[in-house]
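# Summary of structural features
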Amino acid sequence: AQLVEGISRTFNEFLLLPNRTSLECTPAAVDLRAPLVRHVAGEASAIELRTPFTSAIMQAVSSPELAIALAREGGLGFLHHNRSVEDQVADVRAVKNFKAGFVVSDTNVRPTDTLGHLWELMERTGHTTAAVTDDGTASGRLLGLVTSRDFHPQRHDAAALVSTRMVPVEKVAHSSDDIGLSEANARLWEERLDCLPTVDESGRLRHLVFRSDYTDNKRFPTQLVDDGKRLRVGAGVNTHDYRDRIPALVEAGVDVLAFDSSDGFSDWQAEALTWAKKHYPEVPVGGGNVVDGEAFTFLADAGADFIKVGVGGGSICITRDQKGIGRGQASAVLDVAAARDAYRDNTGQYVPICSDGGLLHDYHVTLALAMGADFVMMGRYFARFDQAPGAKVPTRDGFVKEYWGEGSSRARNWQRYGQGGRGLLFEEGVDGYVPYAGDLHEGLATTIAKIKATMVSCGAMDLATFKATARLTLVSEQSFQESHATVTVRETAGLD
Ligand code: MZP
């Protein structure tokens, strides 16, 4: 055997050093746009993410609901392939057919595409609230409410709200008693909503019920889709049935495909990529997973439009225990990023890379981006949210959500693990739980705020600059200890 230079390192072993921050470098000025697919170096990618997040190609993660919620935040969901072609196609259609619009009822102003525009419209027309529905009409399914900055239910009585005419509201109540809610609805409201809408038989919105602790900056949609545009969605495919699966997904309108394998450095994947690029040259298709530069170049040469990095680092993964293969995710990203840059210099083609799995803290995402990843893919992170398909299970202290690996006996994704034959001979993933984290929009907003704050400390206002200028330091075990609070925190102090 040959010994590869260097130690296999993880994100926990690194910290970023602050760089000089200029006056104009503020969180509001930070741009998180990222290229998703291969493009001519120096030009824009045909598909750009507004935020550099994709969801893992996993049963427990990428439902249509999650893909919709993530696309609305500027990321991209990858629907999983460990099921019939028809089922996966139905999920692609569910995302592509999703539409959001505004109720603008008796104003003549057309629906617009950003919250900023909507606020402007509301201010111009004197409205304080607007309902967002799935078809843009008052009888559509209510997706959320947008309120103007100065709106507060305690300060605006029912009459004032009705007079906005943005929604045909007949009454505003401040508690569930006011409108006699069923117990089940009241529980849902308590758990998930700050504002409960009720509709009459014809689907008209009748009541808005606000929780007493409601504040208008809390949870209303910040990203809205405009007329005629459809959300983007990706789909995982495998090297076994791609000749049947890819045509059906393309027909359903999928935007991007990804060959999903626990080890993508194989002739199987090169052949499948070549087939996909020959038959569907217009549909971007990613490859992976790899952990070194040689494997990156192999898949890039085979036509991959982006390449996923990561073997054995996933939170549910036991591949390293079972097979003894893999690489620390930080070393893998650094090595593959160097190969990506060399490939760019040699060919003029930029092939984005994705850091997939093993991102346990928000700052790990930031480190992955600094080390050269163009975007990240996460499973555990997204499995915690309401929109993920795993069941929400009560515990003594709150809730957890189910999360299981594709190599677990629950998922049995033999196409991803290639152990020989149809089935798993041994498990490579576990079946477990992750702490419940509420709504994706709020969780992601916090993560984005942390990434932007770190980039500001590092003096970077966009991801390309961040990659080029970030300075990393290795941490010793002792300095790792120093990174954490060393006092007894109030909650665990045992005081009365
Ligand atoms: P994480 O975000 O939960 O740490 O890791 C998610 C990633 O782990 C997935 O995108 C995939 O690459 C990988 N994965 C999925 N299932 C397994 C498994 O069962 C796995 N071993 O390693």
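Residues numbered from 1 in each chain as written. Predicted model: local features only at pLDDT ≥ 70, side-chain atom pairs only at ≥ 80, totals over all residues.

### Description of the overall build of the chain
For clarity, the threshold we go by: Helix and strand assignments come from DSSP, with helices taken as H or I runs of at least 4 residues and strands as E runs of at least 2, each series counted from the N terminus. Here a residue counts as buried when 20 or more other C-beta atoms sit within 10 Å of its C-beta, as exposed when there are 12 or fewer, and as partly exposed otherwise, the C-beta atoms being derived from the backbone. Two residues qualify as a contact pair if the distance between their C-beta atoms, derived from the backbone, is within 7 Å.
Within the chain, the regular secondary structure consists of 17 helices and 23 strands. Relative to its full complement of 496 residues, the chain shows a buried share of 42%. If you take every contact in the chain between residues at least 6 apart in sequence, the share linking residues at least 24 apart comes to 65%.

### Re the environment of Tyr350
Positionally, Tyr350 belongs in strand β17 (residues 349-350). Taking the C-alpha atoms as reference points, Tyr350 and Gly405, separated by 55 residues in sequence, lie 31 Å from one another. The contacts of Tyr350, once residues within four sequence positions are left out, are Pro35, Arg38, His39, Ala41 and Arg344.

### A closer look at helix α12 (residues 362-370)
Along α12, 7 of the 9 residues are buried, which leaves the element largely enclosed by surrounding structure. Within the sequence span of α12, burial applies to His364, Val365, Thr366, Leu367, Ala368, Leu369 and Ala370. Where α12 ends, the next residue or the one after it, Gly372, has phi of about 125°, a positive value.

### A few points about helix α15 (residues 440-457)
Every α-helix winds through 3.6 residues per turn, so residues three or four apart in the chain are directed the same way. This is how it is decided: One fewer than the residue count of a helix, multiplied by 1.5 Å, yields its expected span.
Under the 1.5 Å per step criterion, the end-to-end length of α15 is 26 Å for 18 residues, consistent within 8% with the ideal 26 Å. Every buried residue of α15 is accounted for by Leu440, His441, Leu444, Ile448, Ile451, Lys452, Thr454, Met455 and Val456. Lining the buried residues of α15 we find β1 (14-17), α1 (64-72), α12 and α16 (463-469).

### Overview of the nonpolar core
The cut-off we apply is this: Each nonpolar core consists of buried Ala, Val, Leu, Ile, Met, Phe, Trp, Tyr and Cys residues. Their C-beta atoms, within 7 Å, join them into a set.
If you look at the biggest cluster of nonpolar residues, it comprises 98 residues, and the most contacted ones within it are Leu257, Ile307, Ala368 and Val376. Among the elements that line this core, the one with the most residues is helix α11 (residues 329-347), at 7 residues. Apart from residues no more than four positions distant in its own chain, Val376 is found in contact with Pro52, Phe53, Cys354, Ser355, Leu359, Val365 and Ala368.

### Quick look at the packing of helix α9 (residues 293-301) against α11
Relative placement of two packed helices is described by the angle separating their axes and the distance separating the axes. The following threshold applies: Orientation is described by lines fitted to C-alpha atoms, with helices fitted over the stretch in contact, and by angles between N-to-C directions that extend from 0 to 180 degrees. Throughout, the term roughly parallel applies to angles under 35 degrees, roughly antiparallel to angles over 145, roughly perpendicular to angles from 65 to 115, and oblique to all others. By the definition used in this description, the sense in which the near helix is turned from the far one sets the handedness, with an anticlockwise turn below a right angle giving left-handed and a clockwise turn giving right-handed. Asp, Glu, Lys and Arg are counted as charged, while Ala, Val, Leu, Ile, Met, Phe, Trp, Tyr, Cys and Pro are counted as nonpolar; the rest, among them Gly, fall into the polar class.
In contact at an axis separation of 8 Å, α9 and α11 are set at 45° when each is read in the N-to-C sense. What the angle tells us is that α9 and α11 run oblique. As α9 runs across α11, the sense of the crossing is right-handed. Facing α9, whose interface residues are Gly293, Phe296, Thr297 and Ala300, α11 presents Asp335, Val336, Ala338, Ala339, Arg340 and Tyr343. The residue makeup of the contact of α9 with α11, split by class, is 6 nonpolar, 2 polar and 2 charged.

### A few points about the packing of α1 against helix α2 (residues 85-96)
Running from amino to carboxyl end, α1 crosses α2 at an angle of 35°, the nearest separation of the two axes being 9 Å. The handedness of the crossing between α1 and α2 is right-handed. Contacts from Pro64, Ala67, Ile68 and Ala71 in α1 reach Asp91, Ala94 and Val95 in α2. A class-by-class count of the residues in the contact of α1 with α2 yields 6 nonpolar, no polar and 1 charged.

### Things to note about the pairing of strand β14 (residues 256-259)
Rules: Note on pairing: two strands pair once DSSP finds at least 2 bridges between them. Handedness of a crossover is defined as follows: with both strands directed away from the viewer, a clockwise route from the first strand across the helix to the second makes it right-handed.
By the alternation rule, side chains of β14 split into Val256 and Ala258 and Leu257 and Phe259, which are all buried. Note: strand β13 (residues 234-237) against β14, 4 bridges, orientation parallel. Within the sheet, the bridge partner assigned to Gly236 lies in β14 and is Ala258. Tracing the backbone out of β13, into helix α7 (residues 242-252) and back to the parallel element β14 gives a crossover that is right-handed.

### Brief notes about the site of the ligand
Here is the rule: The criterion for a residue being near a molecule or strand is a backbone-placed C-beta atom within 6 Å of that molecule or strand.
The environment of the ligand is formed by 24 residues, the closest being Gly314, Gly357, Gly379, Gly405 and Gly429. Contributions of two or more residues to the shell around the ligand are made by β19 (375-378) and α13 (380-383).

### Regarding unusual backbone geometry
Backbone torsion omega between Gly288 and Asn289 reads 5°, so that peptide bond is classified as cis. Here Asn289 shows up in strand β15 (residues 285-290). Despite not being glycine, Arg412 shows a phi value in the positive range, around 45°. Note on placement: Arg412 falls in the loop between β21 (398-404) and α14 (414-417). Given 18 C-beta atoms within 10 Å, Arg412 falls into the partly exposed group.

### Considerations on the sheet that holds β21
The strand order β20-β21-β22 describes an open sheet built from 3 strands, whose pairing is antiparallel. Because the sheet does not close on itself, it has two edges, and the strands there are β20 (392-395) and β22 (431-435). Strand-to-strand, the axes of this sheet are offset by a mean angle of 40°, without reference to chain direction.

### A short note on the pairing of strand β18 (residues 353-356)
Side chains Ile353 and Ser355 project from β18 onto one buried face, and the interleaved Cys354 and Asp356 project onto a second face that is buried too. Relative to β18, strand β16 (residues 307-309) is paired through 3 bridges, and the arrangement is parallel. Bridging from a neighbouring strand, Lys308 pairs with Cys354 of β18. What joins β18 to β19 is α12, and the crossover it makes is right-handed.

### Observations concerning the confidence of the model for the chain
Our working rule: pLDDT is defined as a per-residue confidence score from the predictor, taking values between 0 and 100.
On average, residues of the chain score 82 in pLDDT, and 74% of them reach the 70 mark or higher. A low-confidence stretch, residues 148-176 stays under pLDDT 50, and its non-local contacts, those more than four residues away or across chains, total 60 contacts. Under a pLDDT of 50 for its full length, residues 202-207 has, in the predicted model, 25 contacts with residues more than four places off or in other chains.

### Quick look at the sheet that holds strand β5 (residues 53-55)
If you trace the 8 strands once around the closed barrel, you get β5-β6-β13-β14-β15-β16-β18-β19, paired in parallel fashion. Averaged over neighbouring strand pairs, the angle between their axes works out to 30° when direction is ignored. Against the sheet, α1 engages β5 and β6 (76-79), with an angle of about 160° to β6. The sheet strands contacting α11 are β15, β16 and β18, and the helix crosses β18 at an angle near 175°.

### A short note on the environment of Ala46
Position of Ala46 among the secondary structure elements: in the loop between β3 (39-40) and β4 (48-49). Residues Ala46 and Pro284, spaced 238 residues apart in sequence, show a C-alpha to C-alpha distance of 9.3 Å. The residues contacting Ala46, other than those within four sequence positions of it, are Val37 and His39.

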